[in-house]
Structures are given as C-alpha cells and as structure tokens.
Amino acid sequence: MNGIPRVIRSLLVASTAAGVLLSQAAISAAAAEFCFDDPALVFVTPSGVPHTVYLTTFAAGLEHSPQVHAQRYSLHLETDRDDRQTEVAVHVLVPNGTSRPFAVHSVISTGPNGTGKRLANRDGISGRPYTLEFELPD
C-alpha cells in the first residue's frame with residue numbers, strides 16, 4: 001500500500017512538470033510568429049559616394065506578411081553645408097490591406113535583417129506614413 005501513493009505522487013509531479021514545459025513551448029511558438037521585409041536600398045550621395053543600407057520592417061503576426069511585403073518607401077538625400085555628410089530620410093508606408101491598422105517597427109542598418117551598424121529605427125502604424133532619418137559620411 002505504501003508504494004501506491006508514492007507512484008501517484010510521482011505521476012502528479014511528472015504531469016505537472018510536463019504541463020509547465022508544454023505551456024512554455026506554446027508561449028515561445030506564439031512569440032516567434034512575426035513577419036518582415038528587408039529590401040536593400042542602393043543609392044549614390046550627391047557627392048558621388050555609393051552606399052547600400054537595408055530597410056528591415058517587422059510586424060507581429062504572420063497574417064500581416066502581405067502588407068509588410070507591400071511596403072512602399074522613398075529616399076530623400078541632402079548634403080549638409082560642410083559637404084562632408086549626407087542627411088538621408090527614408091519615408092515608409094506599410095498599407096493596411098483588408099486588415100485593421102497594426103503596429104510595425106522599421107530599422108535602417110548596414111547589414112541585412114537589422115545586422116551591422118544600426119543607423120535609425122522607428123515604430124509606426126500601418127496605413128500611416130513615417131520617416132527614418134540618419135546621416136552618412138561622404
């Protein structure tokens with residue numbers, strides 16, 4: 001008789017531990033669902049220096065992937081008075097599509113997928129244009 005309660009107690013402990021591990025796995029899987037787009041922006045500054053930077057835009061939820069991949073952007077370059085730096089403005093618009101507005105986050109970096117040196121980052125809302133600004137040496 002003494003062995004039966006010990007077995008039941010062991011099963012309860014094991015099933016509780018398994019439940020905790022499974023719930024943590026479900027949370028991790030849900031947190032990993034996001035989408036992003038990462039086009040390379042290749043341009044030449046007004047003084048003739050070529051640059052490549054990356055515009056990485058993220059949104060939580062795979063359902064926003066079509067809108068994130070349909071983002072529109074434009075560049076505005078302006079040389080400062082000293083002619084040693086170029087001020088860059090990247091104007092971004094992630095469309096709503098058929099969904100309601102959703103949160104987005106964009107990063108301008110020297111490497112793909114937000115790697116390398118981060119030059120600018122900004123939170124935004126789909127359907128509303130926003131601007132990321134940074135400077136590059138000439």
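Think of each chain on its own: its residues are numbered from 1, step by step along the sequence as written. With pLDDT at 70 or above as the cut-off, local features in this predicted model cover only qualifying residues; side-chain atom pairs require 80 or more to be listed or tallied, and sums for whole chains, interfaces and linings still use all residues. The side-chain figures draw on all heavy atoms in the structure; neither hydrogens nor water molecules are used.

1. Focus: the overall build of the protein
Part 1 of the argument: Counting secondary structure elements, the protein contains two helices and eight strands.
Part 2 of the argument: The order of α-helices and β-strands along the protein, N terminus first, is α-β-β-β-α-β-β-β-β-β.
Part 3 of the argument: When burial is assessed residue by residue, the protein has 30% of its 138 residues classed as buried.
Part 4 of the argument: In this description, contact between two residues means that some pair of their heavy atoms is separated by no more than 4.5 Å. A separation threshold of at least 6 residues defines the contact pool for the protein, and within that pool the share at least 24 residues apart is 57%. Strands here are runs of E lasting at least two residues and helices are runs of H or I lasting at least four, both read from the DSSP assignment and numbered beginning at the N terminus. Each residue is assigned to one of three classes by its accessible area relative to the maximum for its type, calculated with a 1.4 Å probe on protein chains only: buried under 20%, partly exposed between the two thresholds, exposed over 50%.

2. Focus on the confidence of the model for the protein
Low pLDDT marks regions whose predicted coordinates should not be analysed in detail.
Part 1 of the argument: Scored from 0 to 100, pLDDT records how confident the predictor is in each individual residue. Looking at the protein as a whole, the pLDDT averages 82, with 75% of positions reaching at least 70.
Part 2 of the argument: The secondary structure element of the protein with the lowest average pLDDT is helix H1 (residues 3-31), at 46, and the one with the highest is strand S7 (residues 118-125), at 97.
Part 3 of the argument: Here residues 11-31 is a poorly scored stretch, pLDDT under 50, and it has zero contacts once near neighbours within four places are set aside; other chains count.

3. A short note on the environment of His 64
Part 1 of the argument: Residue position: His 64 is located in the loop between strand S3 (50-60) and helix H2 (65-69).
Part 2 of the argument: On the basis of relative accessibility, which here comes to 10%, the residue His 64 falls in the buried class.
Part 3 of the argument: Spatially, the C-alpha atoms of His 64 and Phe 34 are 8.3 Å apart, while their sequence positions differ by 30 residues.
Part 4 of the argument: When residues no more than four places from it in sequence are discounted, the contact partners of His 64 are Cys 35, Ala 59, Ser 99 and Phe 102.

4. Comments concerning the sheet that holds strand S8 (residues 130-137)
Part 1 of the argument: Strand pairing is defined by DSSP finding a minimum of two bridges between the two strands. Reading across the sheet, the three strands line up as S4-S5-S8 and stay open at both edges, with antiparallel pairing between neighbours. Where the open sheet ends on each side, the last strands, each with one partner, are strand S4 (72-79) and S8. With direction set aside, neighbouring strand axes in the sheet form an average angle of 20 degrees.
Part 2 of the argument: Across eight bridges, the pairing between S4 and strand S5 (residues 85-93) is antiparallel. Bridged to Thr 79 within S5 is Thr 86. Axis lines are fitted through C-alpha atoms, for helices just across the contact stretch, and the angle between N-to-C directions can take any value from 0 to 180 degrees.

5. With respect to the environment of Pro 46
Part 1 of the argument: For Pro 46, the position within the fold is in the loop between strand S2 (40-44) and S3.
Part 2 of the argument: By relative accessible area, Pro 46 is classed as exposed at 53%.
Part 3 of the argument: Along the chain, Pro 46 and Leu 77 lie 31 residues apart, while their C-alpha atoms are 7.4 Å from each other.
Part 4 of the argument: Those residues in contact with Pro 46, other than ones at most four positions away along the chain, are Leu 77, Thr 79 and Thr 86.

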